[in-house]
Amino acid sequence: MSEVEKRYLAAKERYAKIGVDTDEALKKLQEVKISMHCWQGDDVKGFLNPDGELTGGIMATGNYPGAAHTPEQLRSDLEKAFAMIPGKHKVNLHAIYVDTDEKVDLNTIEPKHFSKWVDWAKEQGLGLDFNPTFFSHPMFKDNYTLASPDKEVRDFWIEHGKRSRKIAEYFGKELGQTCINNFWMPDGMKDNPIDRLSPRKRLMEALDEIFEEKLDENYTQEAVESKLFGLGAEAYTVGSHEFYMGYGLTRDKLICLDAGHFHPTEFISNKLSSLALFSKGVMLHVSRPVRWDSDHVVLMDDELTEIGRELVRNDLLPITNIGLDFFDATINRIAAWVVGTRNTQKALLKAFLEPTDDLKKIELENDFTTRMVLTEELKDFPFGDIWNQFCELNGVPVGLDWLKEVREYEKNVLLNR
Ligand code: RNT
Ligand code: ZN
């Protein structure tokens, strides 16, 4: 018996004493797919323009060596990261990650320009999600895309949105897993607008046009993502939370909650139970806000723990699509993926290891003392031994071991780019 298994069995006994079945918890975790965002691998540059730069709407900082410059490199890096992440997952692509020799633009892309991604996903046993890209493009004009007062600008982006749906549909068909197509655009103003209404009306109408054609929901479902403010949109973001709550609920779209897109003291964990009552489902962008930045690497902080608990305690996993959204160009990018993805899984495992039904009963009996004592004591339970067993069962490195592999890959591959 391995050391990891021995420790697991001892930990299992301790959890059993408070009525928690650890085998069951591991089984549940095995079923959860995380949609790992490709854009951590190249600082959101993509392959649409050779030497793509971020020209507006989004920004990554840092110049750590080894970023992927080609689709082949990015796929190789993703494979490396997945070799250190337990379970089978999805990859979240953006339209700018097109893989073709043809000269295409956002308003001319087609499914065939992504066929290499599909072949790879099949070979790797991965699902694919998608996002139209409404940034870093000359048609991102005066901080506007779909909300632009200029019809030519709007039409360009409407065409892009429509095409993105066809690509998402193709992914879903080919891979037999629903492809979530997530719509986010940075449209907004740096300083106080006079007219907040008209841009919102234009955005609403443009989205309606994009979504006009009905697509099979088994293949693709759309999500809409709000934001409070962004770089260059400090005073006003057209697609605010209220805008997309209204839009998503009335148009039967998934609502995407990005953990970094709210007021600094506002948390998405506390929004999930409300949304669950009214919306058909949610998409999460698990992220970590730090001051003005909404996309730091996901750490095991209080909010992540709480997101895991809310999803598990309220049984929301069936209506939730968990995606990640962070990009840090100052550290090894593969390490960033592995830390953020493993942390998200760990947060869920922690929640699966709670005696949820007992805690709910205790709360109903108004026994707030036991509620507090039990949840506090749980924090010292041997969680790490259960997680390590999960990693061992899935044939991925246990504990710190994976860092050595990242370093090796950095030396042999990343630093030679
Ligand atoms: C930006 C949004 C958006 C992007 C990705 C690249 O603030 O969170 O989700 O990060 O689409
Ligand atoms: Zn996001």
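Refer to the preceding data block for the structure.
What counts as what
- Residues numbered from 1 in each chain as written.
- Chains lettered and ligands numbered in written order.
- Predicted model: local features only at pLDDT ≥ 70, side-chain atom pairs only at ≥ 80, totals over all residues.
- Heavy atoms only, no water.
- Helix = DSSP H or I, 4+ residues; strand = E, 2+ residues; numbered from the N terminus.
- Expected span 1.5 Å × (residues − 1).
- Buried < 20%, exposed > 50% of the residue type's maximum accessible area, 1.4 Å probe, protein only.
- Arc of directions from axis to C-beta.
- Contact = heavy atoms within 4.5 Å.
- Axes fitted to C-alpha atoms, helices over the stretch in contact; angles between N-to-C directions.
- Parallel < 35°, antiparallel > 145°, perpendicular 65-115°, else oblique.
- Left-handed = near helix turned anticlockwise from the far one by under 90°.
- Nonpolar A, V, L, I, M, F, W, Y, C, P; charged D, E, K, R; others polar.
- Near = heavy atom within 4 Å.
- Polar contact = N/O pair within 3.5 Å; in protein donor to acceptor, adjacent residues only side chain to side chain.
- Salt bridge = Lys/Arg side-chain N within 4 Å of Asp/Glu carboxyl O.
- Phe/Tyr/Trp six-rings, centres within 6.5 Å; stacked < 30°, edge-to-face > 60°.
- Lys NZ or Arg CZ within 6 Å of the ring centre and 35° of its normal.

Draft legend 1. Spatial organisation of helix α14 (residues 401-412). With 12 residues, α14 extends 18 Å between its outermost C-alpha atoms, agreeing within 8% with the 16 Å of an ideal straight helix rising 1.5 Å per residue. Listed in full, the buried residues belonging to α14 are W402, V406, Y409 and E410. Each buried residue of α14 lies within a common arc of 105° when the element is viewed along its axis, so the set occupies one face. Counted as exposed and oriented over 90 degrees from the buried face of α14: K404 and K411. In this structure, the buried residues of α14 make contact with α3 (71-82) and α10 (333-352).

Draft legend 2. The packing of helix α9 (residues 302-313) against α10, seen in detail. Relative to each other, α9 and α10 sit at 50°, their axes nearing to 8 Å. Put simply, α9 runs oblique to α10. Where α9 crosses over α10, the two elements pack in a sense that is right-handed. Residues L304, T305, G308, R309, L311 and V312 of α9 touch α10, and the partners they reach there are N343, T344, A347, L348, A351 and F352. The residue inventory of the contact of α9 with α10, partitioned by class, reads seven nonpolar, four polar and one charged.

Draft legend 3. Representation of the site of ligand 1. Near ligand 1, the surroundings consist of 13 residues, among which H94, E225, K227, D258 and D325 are the closest. Here an oxygen atom of ligand 1 sits 2.7 Å away from a polar atom, N or O, in the side chain of K227. Within the contact set of ligand 1, an oxygen atom lies 2.7 Å away from a side-chain nitrogen or oxygen of D325.

Draft legend 4. Examining the pattern of salt bridges more closely. One pass over the full model with this rule turns up 32 salt bridges. The residue E222 makes a salt bridge to R165 at a minimum N-O spacing of 2.6 Å. Placement of E222 in strand β6 (residues 220-225) and of R165 in helix α5 (residues 151-175) is noted, with a sequence separation of 57 residues between them. Take E222: its relative accessible area is 5%, and that puts it in the buried class. The exposure class assigned to R165 is buried, which follows from its relative accessible area of 4%.

Draft legend 5. Quick peek at the packing of aromatic side chains. A complete count under the given rule lists 16 aromatic pairs for this structure. Where F243 meets Y244, the ring centres are 4.9 Å apart and the plane angle is 85°; that geometry is what we call edge-to-face. Overall, the relative accessible area of 13% leaves F243 in the buried class. One aromatic cluster is present, formed by F134, F156, W157, F183, F211, F243, Y244 and Y247 through successive ring pairs. Sitting above the plane of the W117 ring, R75 keeps its charged end 4.7 Å from the centroid.

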